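Below, each chain spelled out in residue letters.
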Amino acid sequence: MKCKYACGSSDHVIARRQFLGQLAGGAGVAVGGLGVMTRPAVAEKLAREQKRVLVVYMSGGLSQLESWDPKPKTDTGGPFRAIPTSVPGVHISELLPDTAQLMDRLAIIRSIDTHNRDHGKGRYQMTHGRNQMPGASYPHLGAVCAKALEPQNTSELPGHIRVTNGGGGGRSNNAAYLGPKYAAISVGGKPPKNSARHGSLTVEVDELRNSFRRRVNDHFSSRRRTAETDAYTYSYEQALKLMQKRDVFDVSKEPAQDQQRYGKYDFGRHCLLARRLLENGISFVQVSHSNYDTHNENFNFHLEQVGEFDRAFAALITDLDDRGMLDSTLVVVMSEFGRTPKINKYYGRDHWGTAWSVCLGGAKIQPGAAYGKTNKNGTAVIDREVDHGKLFHTYLAAVGLDPTDTFDIGGRPIPLADPSAASIQELLT
Amino acid sequence: MSRDKQEQKQPASGITADPQQTHVVHQWKHGSPLIACCFDPQGRYVFTSAEDATVQRWEIPSGKKVDFVGHDSWVRDIAFLPDGETAITVGSDDKMIFWPTAAEKPAPMKTVEAHKGWIRSISVSPDGTLLATGGNDTLVKLWNAADGKLVRELSGHGSNVYSTFFHPSGKFLLSGDLAGEVQQWDVATGKLLRTLDAKALHSYNGGQQVHYGGVRGISLSPDGKHLACCGLHKATNPLGAVNEPLVLLFDWESGKKIHSQVTSGVKGIGWHVAFLADGSLVCASGGSGGGYLLFFKTDSDKDFHKFKLPDTARDLDLHPDGLQLATVHYDRHVRISRMTPKES
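Chemist: What is the right way to look at the overall build of chain A in this model?
Modeler: When helices and strands are tallied, chain A shows ten helices and 17 strands. When each of the 429 residues of chain A is scored for burial, the buried share is 52%. Considering only residue pairs separated by 6 or more positions, chain A has 73% of its internal contacts joining residues 24 or more positions apart.

Here it is as structure tokens:
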């Protein structure tokens, strides 16, 4: 006999513990997230279309002047020149020659004002779509996407993956009320730790013990089913599925030619892993590139960093496009803020949230668009100002979600995004 | 950066430089922060470059300024042919431009697309027949100074080339890179003769994932016995400008490092180094600790004098008279400091 819950969801009672990180002890009790959107038909449609999101996070604050909004030969322009792109009339920094050739598949927003110059607050704004408020906790974009885009109750792999250098399978705590099932799992190019069947167990023995576990669980659940027992059972079943698909996380399985094409740096390897994860149906993948917090020698460091970024990012966009995935995959290149137009005495640029840019593309984003405008030397937005709230709405709308929709959390409708903001309709096809 | 003729600069007046007496005698302001500086061989002018992509000619001592407009980006280094009548500038626009030094309304005489990536340094051979440039394409290139034609490409650096320097014999060229390698080339054949280890001037910060430092300046002592390379060390926070200036002193003959010359209480980068006639050396430092002229002896690891400049320094050159130093600054000034007692 199946129990019925009054709220129809177990999200609100899920234990906040590690998921993959606890595989070692064999006692994973985390996860949950069995809730649904308030409009199941929408969720089913999204599942059919397999929308995905890739965020490339330029940690520390990429300079808009050395990337998407160059101002050459002005008092703020710095030494780099602007180059034409595949979109007539749209120029970006000469540091991005490969990406420039793909701008007809991407878009730029050059009119962001987030009214913030703090790393932590900026990171929260850009990845949560809201200002960070004491006592309030909202889910990360990745958690929202993982929950809203994944096929309900049928996912075999976690939906929210963060690619990091040291990624060992640990789960973060950035899903807020959506539950830890949708929090980010960090991977670094190798299968998560302890995700292989132990060497002392044969396949047969492993199957026997899992079969025994299921029988005992079923017996127990037949009379004492609770949200906790469901979560317990679910965690084991998803861990088993992940063990069967552990190679998905192993970037060394990709062809050597591709590994060379993406470049020898960690970021290239991480972009290739992102491709692999997206191809395997992961809903949300975030790759980071570090570090752009260039208070000193901004130009030398951007030369070094953006050069690394350009090659791997262009390879990734090209591959997503070639595979027909760009139509269903939103790509966003974001930071916590931009950098000051004013060049400081150390050839550096400082924190700046007043007039900066992001690059995005794929899914329903208008290819080749250049939205918004800053003034001649980039010190102010002069056309179609946007903030993090609008951007967050736009990301969700680009993958077919209605940002004004709600999640059913314990019977309460909770908005997917800040209700006070709205999407940038001009950017959406 | 390069200032190849410094080791030959001897005070003609019989007055010797006294670093302890250093004081600013002139300061002239441009409309944009300055980047590089170089005296012409006749000592009539100091040339500077600025963040507005122009070059300035400042007449000494009047300070009369003439702008040279022709580059599309920042000019990183300036040099002159030995007679002083031709100035050559190189920049982040990959261009090498030849100018008439003293023209009333200067215009480029010749422009060469010299590198793919910033040109950070230019040097002129002692006989004035060859130019050497180094850039972000990791190449060093030799050019015919008369017509700007490429003579030879020297490939061997694994990172951006930051500095070049012709040995006064004209037989050797030195080039320093981001990774702290100083390569000595045979000018006649283009063969790499040896690599000096200046890796103390480079660091990789794993947390910030950045390479930092580089051989910012090279100079040779008047007696030819000591080679000095400058830059920075103790880069605990590269992105935050937390580092200290460093001069490495090598024995020219053996190529061995004999001193790591440091100063105390100064944060910044050693942007350029020059030998004075008595064999002591001066390094211009600039960064989060402000601007300084740091003076060292070749037999010591510590500075024997430091002179505080009004603003962070970004480059240095020694006047042909051996008594005056030019420095350029973020506050848009070029300053001429004199190493003699103040005139009453």
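Chemist: When you look at the overall build of chain B in this model, what are you seeing that I'm missing?
Modeler: When helices and strands are counted, chain B shows zero helices and 30 strands. The C-alpha radius of gyration computed for chain B amounts to 18 Å, which stays within 12% of the reference 20 Å derived for 344 residues, consistent with globular compactness. Here the C-alpha coordinates of chain B stretch approximately 50 × 45 × 40 Å along the principal axes. Looking at chain B as a whole, 58% of its 344 residues qualify as buried. A separation threshold of at least 6 residues defines the contact pool for chain B, and within that pool the share at least 24 residues apart is 50%.

Chemist: I'm lost on the pairing of strand β8 (residues 284-289) of chain A in this one. Help?
Modeler: Along a regular strand, successive side chains alternate from one face of the sheet to the other. Residues and elements named next belong to chain A. Where burial is concerned, most of β8 is hidden: five out of the six residues are buried. Where strand β1 (residues 52-58) meets β8, six bridges bridge the pair, whose relative direction is parallel. Paired with M58 across the bridge in β8 is H289. Of the pairings in the sheet, the one linking strand β5 (residues 160-163) to β8 comprises four bridges and is parallel in character.

Chemist: I keep staring at the sheet that holds strand β29 (residues 324-329) of chain B and nothing clicks. Help me out?
Modeler: Residues and elements named next belong to chain B. With antiparallel pairing, the four strands of this open sheet are ordered in space as β1-β30-β29-β28. Each having just a single partner strand, β1 (23-29) and β28 (313-318) make up the two edges of the open sheet. Along the sheet, successive strands turn relative to each other by an average axial angle of 20 degrees, direction set aside. As judged from the five bridges shared by β29 and strand β30 (residues 333-338), these two strands associate in the antiparallel manner. What sits directly across from L325, in β30, is S337.

Chemist: Explain helix α3 (residues 119-128) of chain A to me, please; I cannot follow it from the model alone.
Modeler: One turn of the α-helix equals 3.6 residues, which is why residues spaced by three or four share an orientation. Residues and elements named next belong to chain A. Of all the ten residues making up α3, seven are buried; the element is thus mostly covered by neighbouring parts of the structure. Buried residues of α3: G122, R123, Y124, Q125, M126, T127 and H128, and no others. Structurally, α3 contributes buried residues whose contacts are with α4 (141-149), β9 (329-334) and α10 (388-398). In the segment just after α3, G129 is the residue with positive phi, at about 75 degrees.

Chemist: Honestly, the environment of H160 of chain A in this entry has me stumped. Any pointers?
Modeler: All names here are of chain A. Inspection of the secondary structure puts H160 in strand β5. Put simply, H160 and I282 are 122 residues apart on the chain and 7.0 Å apart in space, counted from C-alpha to C-alpha. The residues contacting H160, other than those within four sequence positions of it, are G142, A143, A146, Y182, A183, A184, I185 and F284.

Chemist: How should I be thinking about the nonpolar core in this particular structure?
Modeler: Note on soluble globular proteins: their nonpolar side chains tend to be buried together. Formed by 104 residues in total, the largest nonpolar core has its most connected members in A274, V285, L330 and L360 of chain A. It is helix α9 (residues 298-322) of chain A that contributes the most residues to this core, ten residues altogether. Excluding its chain neighbours within four sequence positions, the residues that come into contact with L360 of chain A are L106, A107, L330, V331, V332, V333 and I365 of chain A. Of all hydrophobic cores here, the second largest spans 102 residues; its members include M96, Y162, L173 and V273 of chain B.

Chemist: Would you mind going over the sheet that holds strand β23 (residues 257-261) of chain B with me for this structure?
Modeler: All names here are of chain B. Spatially, the four strands line up as an open sheet ordered β20-β21-β22-β23, and their pairing is antiparallel. Two strands lie at the open edges of the sheet, namely β20 (217-220) and β23, each paired on one side alone. Neighbouring strand axes in the sheet, compared pairwise and without regard to direction, differ in orientation by 25 degrees on average. By the bridge criterion, nine bridges tie strand β21 (residues 226-237) to strand β22 (residues 242-251) in an arrangement that is antiparallel. Each residue of the ladder has a partner; that of C230, found in β22, is V247.

Chemist: What should I look at first to understand the confidence of the model for chain A in this one?
Modeler: Any segment with low pLDDT has predicted coordinates that should not be analysed in fine detail. When the pLDDT values of chain A are averaged, the result is 87; 86% of them are 70 or greater. Contacts of residues 1-36 of chain A to residues separated by more than four positions or lying in other chains number 101 contacts, the stretch itself having pLDDT below 50.

Chemist: What is the right way to read the packing of helix α8 (residues 266-279) of chain A against α9 of chain A from this model?
Modeler: Residues and elements named next belong to chain A. Put simply, α8 and α9 touch, their axes get as near as 9 Å, and they point 15 degrees apart. Relative to α9, α8 is oriented roughly parallel. As for how α8 packs across α9, the hand of that crossing is right-handed. Packed against α8, whose contacting residues are F267, G268, C271, A274 and R275, the element α9 presents E308, F309, R311, A312, F313, A315, L316, D319 and L320 at the interface. Split into classes, the residues belonging to the contact of α8 with α9 amount to nine nonpolar, one polar and four charged.

Chemist: Quick question: what am I supposed to make of unusual backbone geometry here?
Modeler: Trans is the prevailing form of peptide bonds, just as negative phi is the prevailing case for residues other than glycine. In this chain, S290 of chain A is followed by N291 of chain A through a cis amide linkage whose omega measures 5 degrees. Summarising the element assignment, N291 of chain A is placed in the loop between β8 and α9. Geometrically, the link from I60 of chain B to P61 of chain B is a cis peptide bond, its omega value of 5 degrees lying close to zero. Here the phi dihedral of Y347 of chain A falls at roughly 55 degrees; this positive angle occurs in a residue that is not glycine. Structurally, Y347 of chain A is set in the loop between β10 (338-339) and β11 (351-352). Looking at Y347 of chain A, the number of C-beta atoms within 10 Å reads 24, which means it is buried. One non-glycine residue, R384 of chain A, lies in positive phi territory at about 55 degrees. Within the element layout of this structure, R384 of chain A appears in the loop between β15 (381-383) and α10.

Chemist: Explain the confidence of the model for chain B here, please?
Modeler: Mean pLDDT for chain B: 95, with 96% of residues reaching 70 or above. On the interface metric, ipTM, the complex scores 0.95, and its pTM is 0.90.

Chemist: Quick question: what am I supposed to make of the pairing of strand β27 (residues 303-309) of chain B here?
Modeler: Residues and elements named next belong to chain B. The sheet contact formed by strand β26 (residues 291-296) and β27 spans six bridges and is antiparallel. Residue G291 lies in a different strand from β27, and its bridge partner there is L309. Where β26 folds back on β27, the antiparallel hairpin that results is connected by six residues.

Conventions and cut-offs
- Residues numbered from 1 in each chain as written.
- Chains lettered and ligands numbered in written order.
- Predicted model: local features only at pLDDT ≥ 70, side-chain atom pairs only at ≥ 80, totals over all residues.
- Helix = DSSP H or I, 4+ residues; strand = E, 2+ residues; numbered from the N terminus.
- Buried ≥ 20, exposed ≤ 12 C-beta atoms within 10 Å, placed from the backbone.
- Contact = placed C-beta atoms within 7 Å.
- Rg over C-alpha atoms; globule rule 2.2 N^0.38 Å.
- Pairing = 2+ DSSP bridges.
- Axes fitted to C-alpha atoms, helices over the stretch in contact; angles between N-to-C directions.
- Core = buried A, V, L, I, M, F, W, Y, C linked by C-beta atoms within 7 Å.
- pLDDT = per-residue confidence, 0-100.
- Parallel < 35°, antiparallel > 145°, perpendicular 65-115°, else oblique.
- Left-handed = near helix turned anticlockwise from the far one by under 90°.
- Nonpolar A, V, L, I, M, F, W, Y, C, P; charged D, E, K, R; others polar.

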